[in-house]
Amino acid sequence: MSSIHFHDLHSQIDRFAEDVIAGLSQRPATLAPKYFYDERGSALFEAITELPEYYPTRTEIGILRDNAADIAREVGSTSLLVEPGGGSLAKVRILLEGLRPLAYVPMDISRDHLRLSAAALAEDFPWLEIHATCTDYSRLMQLPASTPTGTTLAFFPGSSIGNFDPPEAVRFLRAIAELVGPGGYLLIGVDLKKESAILEAAYDDAAGVTAAFNLNLLTRINRELEANFNLPQWRHRAFYNPGPGRIEMHLLSLRPQQVVVEGHPFHFKEGETIHTENSYKYSGEEFATLAGKAGFHGQALWSDPAKLFSVHLLRVASTSADAPPGQVTRSYPPS
Ligand code: AVJ
């Protein structure tokens, strides 16, 4: 019989207004990509994952399917499978039969979404104990009490790690390393560096879905905060910046304009942008080096024939075992 437990670690403090006002006060102005995902933003992201130009989702799913048995063999027996940001719980389905963990802990900020997907998963995997945990994993990475102990595998697909700049990514990976503990694993999807035309098409699709996704952030600010962004005066812009090795998404101001958000006026020149997202791309070696700084060593690396996307299996050294795996908790970022 499957069992679902629901844990709420999410502090109710809503920082959307403060973050938006602080971000728009900076030059260049910035908004955090985590705010893309309101209801319409989540639906638009789903649509992005099905676009012909957006290769990451289908490529990663192919890699996981083709190598599920290999992944299970490399990991061996797992007690606990943890997925920070496991909102849709679609990719983990590919791994569950092979891994057969005692318990699965999806962590997501969206409470309702998490409840629905956890219930659907419980129907399909009746042998699995599910601990659905509502938390903003970028701020608090902590296992709920009462999860089984033993070998822990964290699963972080989708190249979501690309949203962090490299020092933040190292801090985030360190928090995962402490969460899974000595001997624990991380299976992580990472988008690879490639020809910039392929990258740029993936973030500026012909149908304009990514443009709508980016612009929806302004619509959300207008609706949820007292704001008056004039949407026709903003345009989606996405390009590959080869220096830092990242796709950048911006919203470009098409004319000089003033916007008021909760009584705060913000001025934008023609051609000025609001930076809304970075999506870093890493070669296999670059990512292994980054993960090494967080205490992981590479155990296996899978890719697709066209070398578009990669899946790394990383492990925390088990030699310096000073705490039982799965029992270490910490907050991220360190306060
Ligand atoms: C969810 C962060 C992995 O960077 O490819 C897709 C988000 N933004 N198209 C990515 C995104 C525009 C996506 N991640």
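No experiment lies behind these values; they were computed from the predicted model shown.

Peer 1: Hey, could you run me through the site of the ligand in this one?
Peer 2: The environment of the ligand is formed by 14 residues, the closest being Tyr54, Gly158, Tyr203, Glu277 and Ser279. Measuring from an oxygen atom of the ligand, one finds a side-chain N or O atom of tyrosine 203 at 2.5 Å. One nitrogen or oxygen atom from the side chain of serine 279 is found 2.7 Å from an oxygen atom belonging to the ligand. Coverage of the ligand by the protein chains reaches 95% of its 350 Å² of free accessible surface. Looking at the shell around the ligand, the elements that each hand over two or more residues are helix H2 (39-49), helix H8 (209-224) and strand E13 (273-280). The residue inventory of the shell around the ligand, partitioned by class, reads 7 nonpolar, 6 polar and 1 charged.

Peer 1: Help me understand the packing of helix H6 (residues 166-180) against helix H9 (residues 284-293), please; the structure alone is not making it clear to me.
Peer 2: Working note: a packed helix pair is described by the angle between its axes plus the distance between those axes. Between H6 and H9, the shortest axis-to-axis distance is 8 Å and the interhelical angle comes to 55°. Taken together, the axis directions place H6 and H9 in an arrangement best described as oblique. H6 and H9 meet at a crossing whose hand is right-handed. Taken together, the residues of H9 that come into contact with H6 (itself represented by Pro166, Ala169, Val170, Leu173 and Arg174) are Phe287, Leu290, Ala291 and Lys293.

Peer 1: Help me understand the pairing of strand E10 (residues 246-253) in this model?
Peer 2: One face of the sheet, then the other: side chains in a regular strand alternate in exactly this way. In terms of burial, E10 is largely enclosed, as 8 of its 8 residues are buried. Side chains of E10 alternate between two faces, with Arg246, Glu248, His250 and Leu252 and Ile247, Met249, Leu251 and Ser253 buried alike. In terms of strand pairing, strand E9 (residues 234-241) meets E10 through 8 bridges, oriented antiparallel. Directly across from arginine 237, in E10, lies its bridge partner histidine 250. In this antiparallel pair of consecutive strands, E9 and E10, the connection spans 4 residues, and glycine 245 shows a positive phi of 75°. As judged from the 7 bridges shared by E10 and E13, these two strands associate in the antiparallel manner. Residue pairing across strands places methionine 249 opposite glutamate 277, the latter belonging to E13.

Peer 1: Help me understand the confidence of the model for the chain in this model?
Peer 2: The predicted coordinates should not be examined in detail at positions where pLDDT is low. Per-residue pLDDT for the chain averages 91, and the proportion of residues at 70 or more is 92%. Across residues 320-335, where pLDDT falls below 50, the model places 38 contacts with residues more than four positions away in sequence or in other chains.

Peer 1: Looking at this model, I keep getting lost on the sheet that holds strand E1 (residues 3-8). Mind explaining?
Peer 2: The strands making up a sheet associate through hydrogen bonds between their backbones, and the pairing can be parallel or antiparallel. Across the sheet, 8 strands lie side by side as E1-E5-E4-E3-E7-E8-E15-E14; this open sheet has mixed pairing. Each having just a single partner strand, E1 and strand E14 (296-303) make up the two edges of the open sheet. Taking the axes of each pair of neighbouring strands and ignoring which way they run, one obtains an average angle of 20° across the sheet. The pairing of strand E7 (residues 152-156) with strand E8 (residues 185-191) spans 4 bridges and is classified as parallel. When the sheet's bridge partners are listed, phenylalanine 155 is paired in E8 with leucine 187.

Peer 1: What am I meant to see in H2 here?
Peer 2: Three- or four-residue spacings in an α-helix give side chains the same orientation, since the helix completes a turn every 3.6 residues. Within the span of H2, buried status applies to Gly41, Leu44, Ile48 and Thr49. Each buried residue of H2 sits inside an arc of 145° when the element is viewed along its axis, so together they form one side. Against helix H3 (56-75) and H8 lie the buried residues of H2.

Peer 1: Is there a simple way to think about the packing of H3 against helix H4 (residues 92-99) in this case?
Peer 2: At a minimum axis separation of 9 Å, H3 and H4 run at an interaxial angle of 25°. Here H3 lies roughly parallel to H4, going by the angle between them. The chirality of how H3 crosses H4 is right-handed. Every residue of H4 that contacts H3 at Ile61, Leu64, Arg65, Ala68, Ile71, Ala72 and Val75 is listed here: Ile94, Leu95, Gly98 and Leu99.

Peer 1: What is the right way to look at unusual backbone geometry in this model?
Peer 2: The phi angle of most residues is negative, glycine excepted, and most peptide bonds adopt the trans form. With an omega of -5°, the peptide bond between arginine 27 and proline 28 qualifies as cis. On the secondary structure map, proline 28 appears in the loop between helix H1 (16-25) and strand E2 (29-30). Look at arginine 100: it is not a glycine, yet its phi comes out positive at around 45°. In this structure arginine 100 comes out as partly exposed when scored by relative accessible area, which is 44%. Although it is not a glycine, glutamate 262 adopts a positive phi angle of roughly 45°. Tracing the sequence through the fold places glutamate 262 in the loop between strand E11 (257-261) and strand E12 (264-268).

Peer 1: Is there a simple way to explain the packing of aromatic side chains in this structure?
Peer 2: Each pair of aromatic rings is reported with the distance of its centres and the angle of its planes. Under the counting rule described, the total for this entry stands at 15 aromatic pairs. A connected cluster of aromatic rings, assembled from ring pairs, spans Phe36, Tyr37, Phe45, Tyr54, Tyr203 and Phe213. Across the ring face of tryptophan 127, the terminal group of arginine 100 is positioned such that the distance to the ring centre comes to 4.1 Å. Positioned above the aromatic ring of phenylalanine 16 is the side chain of arginine 220, whose terminal nitrogen or guanidinium carbon lies 4.6 Å from the ring centre.

The rules behind the values
Residues numbered from 1 in each chain as written. Predicted model: local features only at pLDDT ≥ 70, side-chain atom pairs only at ≥ 80, totals over all residues. Heavy atoms only, no water. Near = heavy atom within 4 Å. Polar contact = N/O pair within 3.5 Å; in protein donor to acceptor, adjacent residues only side chain to side chain. Areas by Shrake-Rupley, 256 points an atom, 1.4 Å probe, with all protein chains shown as cover. Helix = DSSP H or I, 4+ residues; strand = E, 2+ residues; numbered from the N terminus. Nonpolar A, V, L, I, M, F, W, Y, C, P; charged D, E, K, R; others polar. Axes fitted to C-alpha atoms, helices over the stretch in contact; angles between N-to-C directions. Parallel < 35°, antiparallel > 145°, perpendicular 65-115°, else oblique. Left-handed = near helix turned anticlockwise from the far one by under 90°. Contact = heavy atoms within 4.5 Å. Buried < 20%, exposed > 50% of the residue type's maximum accessible area, 1.4 Å probe, protein only. Pairing = 2+ DSSP bridges. pLDDT = per-residue confidence, 0-100. Arc of directions from axis to C-beta. Phe/Tyr/Trp six-rings, centres within 6.5 Å; stacked < 30°, edge-to-face > 60°. Lys NZ or Arg CZ within 6 Å of the ring centre and 35° of its normal.

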